[in-house]
Structures are given as structure tokens and as C-alpha cells.
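So you can see what is in the structure, the chains are spelled out below.
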Amino acid sequence: MSATIDETLIRDVVSEVLNRLAGGSGSNGSPATPPRQATPTAAGVDGIYQDVDQAVAAAKTAQQRLAAATLKARGEAIECIRKICLEQAEELGRYELDETGIGRLDHKIEKLLVIGQSIPGMEMLTTEAVSGDNGLTVTEHAPYGVLGVITPVTHSIPTLACNAIMMIAAGNTLVVNPHPSGTRSAVLATQRFSRAIREKTGLDNLICLIEKPTLESANAIFTHPDVEVLCVTGGPGVVAAAMASNKKAIVAGPGNPPVVVDETADLEKAAEGIVFGAAYDNNVLCIGEKEVFVVASVADGLLDAMGRHGGYRLTGEQVEALARAAIHKDEKSGHWLANKEFVGKDPDVLARAIGLEIPKGTQLLYGEVGEDSPWLPCEQMMPFLPIMRCRNADEAIRLAVKFEHGFGHTAVCWSRNVETMTKMGKAVDTTLFVKNGPCMAGLGAGGEGFGSYSIASPTGEGITSPMTYTRVRRCVMVDNLRIL
Ligand code: NAD
């Protein structure tokens, strides 16, 4: 299926919204006034729960009601979520940015608009039939029941909304343990989705959210007998925990997407696409470009061109100074990790940390590194992009594979040589492999195909869809009902 994202419409709405945010926004439109608070909650009201057992019990009853309800009501419930994402994108986007301090307001708004417009729903659920001498067999895609959901801080409301649309479309209900640092946003969105769904359809508790999430509440969801399947979206810690659980788990884990640029690439387009992708929401997307390997003969051309598309080039010393300020080596795992205070921050915050003033409107900092730079293995999730010069495409591909860490998540290639693309696609073996476009083209924005906020690489479901959250059932009639 191919969902279309009307990019012009989205851009117009975003720019109109930002224009209305008169005076008082930060360099990338950071909020100036605190937005409205979520309504104080009582247990079980509007889908908000303190206790996992209560939340699962409510979600189980709700799932039985949803299964008995008409498909029309199910469709209306999903429309309620879409409508809120579309009509309240500005308020919810602001609210989440205010709570988490991660990302950019224009992109927070855009992400919700895209979800409202084009995340696939019930239209994606198929029924297959085979008829023959021995009768008719129908294969249908049924709900699992109650799904346990873990959401990341980087896209608290988008992941909640996207998962809810897809999971409810398939007839499931959700019990959600949001990231503690994005919980207020998740509560506000859940309350609004729940009220709208109840008013429209009479259905309640389709989304049950734990108001004070902890590792213990996550574990209670992971082990609850009435939670049929887990869908977790996050970094290595939650991936390991979900994989170690005894349940079927759909696991959307971390990425460190490499980009290869070879000597045949359209450098101007590559520079524009790389800056756009890596700067998006200040580089917190799991699919966002995290390191670039460029063939030496075109490296200067690419580095110069990135400066013409909103990039600000750092010197080697500045790149090292930024590494000392913004990332660190975790002693236990030996992995390079982002310092939390820089995750998803605007480029000027990174620049100031190394005593640098940058032009207003700068989208992304970038600079050259060598193979031993800590920036290459690090999923930095901040608007700095390391660029490494390579002897040839083969070396660039080898390093792309090395620094993708075998996550199998996302990789990008800019080339007009189909052999380079093929070689890289085979070698890097990722769920998403985008050629000649920014990373988000892999999720339908500028490329073909639908989008999702949970990309399940470790467990192999890929770009999740409503079909991901179904179990396959076969209904067989022997000798009859073939009417031909
Ligand atoms: P995170 O791993 O810190 O947290 C993700 C969620 O997991 C949170 O709700 C957190 O409370 C929970 N969690 C963490 N450790 C846990 C454990 N041991 N047991 C149970 N729950 C646990 O990640 P984050 O900072 O919120 O998000 C960024 C990470 O998520 C990045 O690595 C990014 O690549 C990844 N991500 C992946 C996708 C995808 O679709 N593959 C999408 C978004 C983000």
C-alpha cells in the first residue's frame, strides 16, 4: 500500500502555525509560554491508571467490547485520534517540547500532522481467499487482544498516536508505559483521545496509560498473563528487556544510520538531503543520518555544499571539543553515548558549549573526523554530523557496515552507480535502505510507502503496520461455498 503525504499542505500548515506563534520563539521555534496542563487524573478516568493490574483489566474488557463493536465504530475511534493530531498539532507539539526539551517545534507539529493524515489504519487489513474443488478457505487477520506498549522520550505523543491508530485498527487495545520524561505529554494525549473516542463511539479504555511509569511497571506489563504481545520502541536497554521476556515481542530498537556518498552522486542534492534528514527534529529520529562516509574525490564538494544548505562546518579542533562536551564513554558497556543535556537540542546550544556563535537559522553542525573518532560509533541524537573521507566506495561501505553496529536499522546511499547501491544494500542489510533521498523518504515522506514510528529491526517485522498487530486465522469450508 502506498500512503500519500501531501507535503505542500503540511508545509503550509506548519508555516502558518509558526507564523501565528508571534514573537517569543527560540531559534527553531522553541516555546515561549508554558502550554496548558493535562487535567489532574483520577484512576481509570480517560484511560489513565496508576496500577498495571487495573489498567490491564480495563484494557481487556475494552478489547472484548471493541471486538463486539462494529467496524464502523472502530474506524470512528481511529478518526478521533487522527483529528486530534491534525487539529491540535501545535498545542500538543508545544506541550511535548516543553516537557521533554527535545527536538524542534516545527517538526514536532509536522510529525503529528503526518500521523493524522497518513498513518495506515483499517484499510490495510486484508482478507485472503482460496477456492477450489475442495471448497473455500478464508484467511483473516484477527486482533491479539491487549498489547503492552513502551514508548520513547524522543517521540512521546507521535509513537503513542501511531501505535494506537495501528493497534486499534487491528482490533487490539493498549496498555502503555510511556518514557518517564515524556509522561505528561502522553497523559494529555491519552486523555484527549479517550474522551473523543468515548463521545463518538461509547468505547472506553482503548488506550490505558500508566501515569507514573517505572521499570517495575514496565516489568509488570512484560509479565502480565493478560498482555498478549509487547511492542517496545526505544534504545538498547528496553530492547534487551523485551527480548528477555517470555512474550512475543515486536521490538523497535536503536539505529546509527550511516550515509555513503560516492563519486557519482549529485552532490548538491546529497548535501541538501543529508542536512535536511540529520537536522530533522534535531536528529532524534532513529532513522536520522548519524554519520557520513564520502569518497575522497568528492569530499570537498560535499562539505562545501552542506554549508549552502543550512550546515555550519566545524574545524577539527571544534569537533573534538564538542565531543568532549556532548558525548561520553559508558564505562560498563564501553559504548559512546550522548550526554542527556544535549539530546535533541538546537544547534546553537551545541555551538555555545564550545564557545562558538553560529548564524541564526543554522540547521546542523558538521565536521570531518577520522575512523577513530568517538562520533562515528555514537548514536548522538543531536544536530552534529561527523563526515569521514574514504579512499573509495568499497571503503565507505565497509565503514558504513562497521558503524551501523549490525542493528539492521537504516542506511542511506547517494550514488548514480547502481553497482555501488546494490553492493551497499547487500552489505549493510538494513530494514530501511534509502537511495538518493533523506532518511524520511524511507517512511513515505518524499518516497513511496507508508510511515510508522516503530521500526522493528531486531525482531524482523520491519516498518510496523496494522497487519503487524494481528494473528492469522484460517476459516475452512470443505466441499462447499465455491459458487462458480
Ligand atoms: P530509552 O531506551 O531510554 O527508553 C525507551 C523506553 O524504554 C522508555 O519508555 C523507557 O522508560 C523504557 N525502558 C528503558 N530501559 C528499560 C528496561 N530495562 N525495561 C523496561 N523498560 C525500559 O530510549 P529513548 O531515549 O526514549 O529513545 C531513543 C532510543 O530509541 C534511540 O536509541 C532510538 O534509536 C530508539 N528509537 C527507535 C525507534 C524505532 O522505530 N526503531 C523509534 C524511536 C526511537
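Residues numbered from 1 in each chain as written. Predicted model: local features only at pLDDT ≥ 70, side-chain atom pairs only at ≥ 80, totals over all residues. Heavy atoms only, no water.

Asker: Residues and numbers for unusual backbone geometry, please.
Answerer: Of note, the phi angle at Asn-282 is positive, near 55°, even though the residue is not glycine. Positive phi values are uncommon outside glycine, yet His-405 reaches one of about 70°.

Asker: Give me the lowdown on the packing of helix α3 (residues 71-87) against helix α6 (residues 156-169), citing residues and values where you can.
Answerer: Contact geometry for α3 and α6: axes closest at 9 Å, N-to-C directions at 170°. Classified by the angle between their axes, α3 and α6 sit roughly antiparallel to one another. As α3 packs across α6, the resulting crossing turns out to be left-handed. Across the interface between the two elements, Arg-74, Ile-78, Ile-81, Arg-82 and Cys-85 from α3 touch Ala-161, Ala-164, Ile-165, Ile-168 and Ala-169 from α6. When its residues are assigned to classes, the contact of α3 with α6 shows 8 nonpolar, no polar and 2 charged. (Axes fitted to C-alpha atoms, helices over the stretch in contact; angles between N-to-C directions. Helix = DSSP H or I, 4+ residues; strand = E, 2+ residues; numbered from the N terminus. Parallel < 35°, antiparallel > 145°, perpendicular 65-115°, else oblique. Left-handed = near helix turned anticlockwise from the far one by under 90°. Contact = heavy atoms within 4.5 Å. Nonpolar A, V, L, I, M, F, W, Y, C, P; charged D, E, K, R; others polar.)

Asker: Describe the sheet that holds strand β8 (residues 248-252), listing the residues and the values that go with them.
Answerer: On the basis of which strands lie adjacent, the open sheet formed by 6 strands has the order β1-β6-β5-β4-β7-β8 and parallel pairing. One side of each edge strand has no neighbouring strand; the edge strands of this open sheet are β1 (48-49) and β8. Pairing of β1 with strand β6 (residues 207-210) involves 2 bridges; the strand directions are parallel. Looking at the pairing, Tyr-49 lines up with Ile-210 of β6. Along the sheet face, α6 touches β4 (146-150), β5 (173-177), β6 and β7 (229-233) and points at about 155° away from the line of β5. Contacts from helix α8 (residues 215-223) reach β4, β5, β6 and β7 within the one sheet, and its direction differs from that of β5 by about 150°. (Pairing = 2+ DSSP bridges.)

Asker: Give a detailed account of the site of the ligand, specifying residues and quantitative values.
Answerer: Taken together, 29 residues are adjacent to the ligand, and Thr-151, Val-153, Gly-253, Glu-379 and Ile-455 come closest. Within the backbone of Thr-151, a nitrogen or oxygen atom sits 2.7 Å from an oxygen atom of the ligand. Interatomic distance of 3.4 Å between a backbone N/O atom of Gly-234 and an oxygen atom of the ligand. Here the ligand loses 85% of its free accessible area of 840 Å² to cover by the protein chains. Put simply, the parts of the chain that give the shell around the ligand at least two residues each are α8 and α9 (236-244). (Near = heavy atom within 4 Å. Polar contact = N/O pair within 3.5 Å; in protein donor to acceptor, adjacent residues only side chain to side chain. Areas by Shrake-Rupley, 256 points an atom, 1.4 Å probe, with all protein chains shown as cover.)

Asker: Residue-level account of the packing of aromatic side chains, with values.
Answerer: Going through the model one piece at a time under the given rule, you end up with 3 aromatic pairs. Relative to Phe-403, the ring of Phe-293 lies with its centre 6.0 Å away and its plane at 15°, an arrangement referred to as stacked. Linking Phe-293 in strand β10 (residues 291-295) with Phe-403 in helix α14 (residues 393-404), this pair joins segments that are 110 residues apart in sequence. Given a relative accessible area of 0%, Phe-293 falls into the buried group. With a relative accessible area of 5%, Phe-403 lands in the buried category. (Phe/Tyr/Trp six-rings, centres within 6.5 Å; stacked < 30°, edge-to-face > 60°. Buried < 20%, exposed > 50% of the residue type's maximum accessible area, 1.4 Å probe, protein only.)

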